[in-house]
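What follows is the residue order along each chain.
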Amino acid sequence: MHREFFELMAEQFQGLAFPDVTLKTGFSQIPPSLVSLETRFSRNVPLKIPLVSAAMDTVTESEMAIAMAIHGGLGVIHRGLDPKRQAQEVARVKHHLHGVIERPITVRDTDTIEQILNRKRTKNYRFNTFPVIDGNGKLVGLMTETDFAFASDKSVTAAVAMTSFNELVYGSPGLSPQDAWEKMRQSGKKKVLPLIDPEGRLVGMYVFADVQRIISGDANAYNLDSKGRLRVAAAIGVLDDAYEHVPLLIKEGVDAVVVDVAHADTIDVKETCQCLKRDYSGVDVVLGNISDQDSVKRHIEWGADGVKIGQGPGSICTTRLVTGAGFPQFTAIGDCAIASMDSDDPVPIGGDGGIKYSGHITLALAAGASYVMVGSLLAGTDETPGETHKRGEIRVKRYRGMGSASAMAESRASRARYRQEDAPQGKTVPEGVEGDVPTRGPVSKVIAVLMGGLRSGMGMVGTVSVPDLQGKAHFKRLTPSAQGEGHPSGLLGMEATSNYPGGVS
Ligand code: IMP
């Protein structure tokens, strides 16, 4: 991680951002596709790719966390949920690979096809099969893709258009994925298998694609715990707030809790970390955010299993402008990685925020980060919470800072993240902004492009793994005109690509 570079910057009291630097290239012996991206989130939580989704209410709930773990990364469920709901989100990730959807999205027998299609569009559901229930929660049929296609009159109800109960194959609670697969294979063609209790109420559902994946064992790239479940982390607050969440999260099998505050070098974080480490084993405690070497040393003393760096680099962040404090992200990562490496008990360092291009991920890892946490790059994908809406001709989704005015107004957790939980109504001081981002389809495409860019970068530096990259990294500083040179120029109507939307960082 090129220690002299960061030491020189420190001597000169300088802080650099990702666009200010580039990596020296080197001799490459293997193709980028063979590079290993394995790394760690915290002492006991490994990652197969160095990518973690941000603990934000417009980025990570169970759907994003499932997708992240399936691709080898990790999702951190945001802390703006009440303890029970947050634990449920963790449970959904943990149960995902068993294939059972515990609370399937259903429609009522009295809903019209038009109502269902409208809901499907506004909620952005990407599946086409819905169990149909009556007023008592009893399964009465299934609306399948074919049923929708053949319902030429959209004003008829599901009861009229559906495949009715007596034509269905179903199972009872506790049915194994193997048995579910057999049943679905024999019944043919239906993409789901509803599970019903003795009273006929819908209590779960298997989806064919998931069951097939489990049966075929196509899960080598997944980030799995020792019981074969997807890994997941959850963000928490400090003191009593942490203790309201942690027992429920642990019960559902959370792999790591992340004390998620804007400034984590405080007496409250110290007490929370020390108490959690004393009271619970089997769950890693990660602290964030900080940006200073002394803070890293203190976190390690308090028993943290990982630390997260980032005070001011976020795309929706105004902290540095509002407070005058924080540090540019590239230098903060390098400084903090040195502090961890020089301690008796090094822990993984995460780089949180400010990643605009895949090349920034290469730079963050080369500077000593074990992974990056990203928000804006994932915002607008199908797996993020929230509904889509139209802005002019473009379909968009909301992306907002957890310290934005609206997040602070709606959520005590957001106010607490910025130590403003006691601020009178309407008197909070925002440290973030909000806005719309274009919808971007499945997150799998974004992850593939980001990891592809990282692999190419590691190949150009001539490295084969994350530790190798950190060992061989050699940075050069860029002048403002050199930064400009890195961007395309001279084209009228330049076409955006998925990894270069067109703006200058
Ligand atoms: P991005 O990937 O550049 O969009 O940054 C995401 C990161 O910004 C998150 O993981 C948080 O650490 C941080 N963040 C989230 N909300 C806010 C905010 O309102 N103000 C400052 N930082 C924020």
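Residues numbered from 1 in each chain as written. Predicted model: local features only at pLDDT ≥ 70, side-chain atom pairs only at ≥ 80, totals over all residues. Heavy atoms only, no water.

With that settled, consider the packing of helix H3 (residues 83-95) against helix H9 (residues 239-251). Orientation of H3 relative to H9, taken along the N-to-C sense of each, is 30°, at an axis distance of 9 Å. Taken together, the axes of H3 and H9 are roughly parallel relative to one another. Both H3 and H9 take part in a crossing whose hand is right-handed. Contacts between H3 and H9 involve Pro83, Lys84, Gln86, Ala87 and Val90 from the first element and Glu244, His245, Leu248 and Leu249 from the second. When grouped by side-chain class, the residues that make up the contact of H3 with H9 number five nonpolar, two polar and two charged. (Axes fitted to C-alpha atoms, helices over the stretch in contact; angles between N-to-C directions. Helix = DSSP H or I, 4+ residues; strand = E, 2+ residues; numbered from the N terminus. Parallel < 35°, antiparallel > 145°, perpendicular 65-115°, else oblique. Left-handed = near helix turned anticlockwise from the far one by under 90°. Contact = heavy atoms within 4.5 Å. Nonpolar A, V, L, I, M, F, W, Y, C, P; charged D, E, K, R; others polar.)

Take the domain arrangement of the protein next. Taken domain by domain, the protein comprises domain 1 (3-95 + 223-484) and domain 2 (100-215). Centre-to-centre, using C-alpha coordinates, domain 1 lies 37 Å away from domain 2. Domain 1 puts ten residues into the contact, and the matching count from domain 2 is nine residues. Roughly 820 Å² of surface becomes buried between domain 1 and domain 2 when both sides are summed, with 31% attributable to carbon and sulfur atoms. Broken down residue by residue, the surface that domain 1 buries against domain 2 is led by His95, Asp382 and Glu387, which jointly contribute 47%. Run the count over domain 1 and domain 2 and you get zero salt bridges. Counting every contact that joins domain 1 to domain 2 gives one residue pair in polar contact (both at pLDDT 80 or more). Of all the elements, H3 adds the most residues to the side of domain 1 that touches domain 2, at three residues. Split into classes, the residues belonging to the side of domain 1 that touches domain 2 amount to one nonpolar, three polar and six charged. (Domains from an automatic or database assignment. Buried area = accessible area lost by both parts, 1.4 Å probe. Salt bridge = Lys/Arg side-chain N within 4 Å of Asp/Glu carboxyl O. Polar contact = N/O pair within 3.5 Å; in protein donor to acceptor, adjacent residues only side chain to side chain.)

Here H9 spans 19 Å end to end across 13 residues, near enough to the 18 Å set by a 1.5 Å rise per residue. Among the residues of H9, those classed as buried are Ala242, His245, Val246 and Leu249. Those residues of H9 that are buried lie in contact with H3, strand E13 (233-236), strand E14 (256-260) and helix H10 (267-279). One or two steps after H9, the chain reaches Gly253, where phi turns positive at roughly 95°. (Expected span 1.5 Å × (residues − 1). Buried < 20%, exposed > 50% of the residue type's maximum accessible area, 1.4 Å probe, protein only.)

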